[in-house]
Amino acid sequence: MHNGLIAPHGGALTINMAGESERAALQERARSLPQLVVGSRQLADLEMLATGAYSPLAGFSTQADYLGSVNDMHLANGLSQDLPA
């Protein structure tokens, strides 16, 4: 526990949001990328990844993380997988 808060799963909060200095460059790059329409569930997952709510995940699951979660309830790095379904 640090400053009265419970430590994030995996020991560090994983924030995946661009800082001020890189935001404009990423927005410009995004203009040239294909667009996807996503549903509310996918948008919610993206927001949770961005804000660190799914720490220690830094993105969508890799095959190794997925299989580890399904078979052993652990990520490929050994951390227990106790994220919401």
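Shown above is the structure to which this text applies.
Residues numbered from 1 in each chain as written. Predicted model: local features only at pLDDT ≥ 70, side-chain atom pairs only at ≥ 80, totals over all residues. Heavy atoms only, no water.

Caption draft 1: Inspection of the pattern of salt bridges at higher detail. Considering all chains together, one arrives at three salt bridges under this definition. Here arginine 23 makes a salt bridge to glutamate 20, at a shortest N to O gap of 2.8 Å. Of this pair, arginine 23 and glutamate 20 both sit in helix α1 (residues 20-30), three residues apart, which is roughly one turn of the helix. Of the charged contacts in the structure, one is a salt bridge between arginine 41 and aspartate 45, with a shortest N-O distance of 3.7 Å. Note that arginine 41 and aspartate 45 are positioned in helix α2 (residues 40-51) at a spacing of four residues, about one turn of the helix. (Salt bridge = Lys/Arg side-chain N within 4 Å of Asp/Glu carboxyl O. Helix = DSSP H or I, 4+ residues; strand = E, 2+ residues; numbered from the N terminus.)

Caption draft 2: Seen up close, a nonpolar patch on the surface. Among the surface-exposed residues, Leu36, Val38, Leu43, Leu46 and Phe60 lie close enough to one another that they form a single nonpolar patch of about 520 Å² accessible area. Along the chain, phenylalanine 60 falls in the loop between α2 and α3 (63-72). (Patch = residues over 30% accessible without salt bridge, like charges linked within 9 Å, V, L, I, M, F, W, Y side chains within 5 Å. Areas by Shrake-Rupley, 256 points an atom, 1.4 Å probe, with all protein chains shown as cover.)

Caption draft 3: The arrangement of the environment of leucine 75 in detail. Note that leucine 75 resides in the segment after α3. A relative accessible area of 7% places leucine 75 in the buried class. For the pair leucine 75 and aspartate 65, spaced ten residues apart in the sequence, the C-alpha separation amounts to 4.7 Å. (Buried < 20%, exposed > 50% of the residue type's maximum accessible area, 1.4 Å probe, protein only.)

Caption draft 4: Region of interest: α2. Between the first and last C-alpha of α2 there are 16 Å, a value that for twelve residues agrees with the 16 Å anticipated at 1.5 Å per step. Taken as a whole, α2 has its buried residues at Asp45, Leu49 and Ala50. Around the axis of α2, the buried residues are gathered within 135° of arc, so they sit on the same side. Once α2 finishes, glycine 52 follows within two positions and takes phi at roughly 90°, a positive value. (Expected span 1.5 Å × (residues − 1). Arc of directions from axis to C-beta.)

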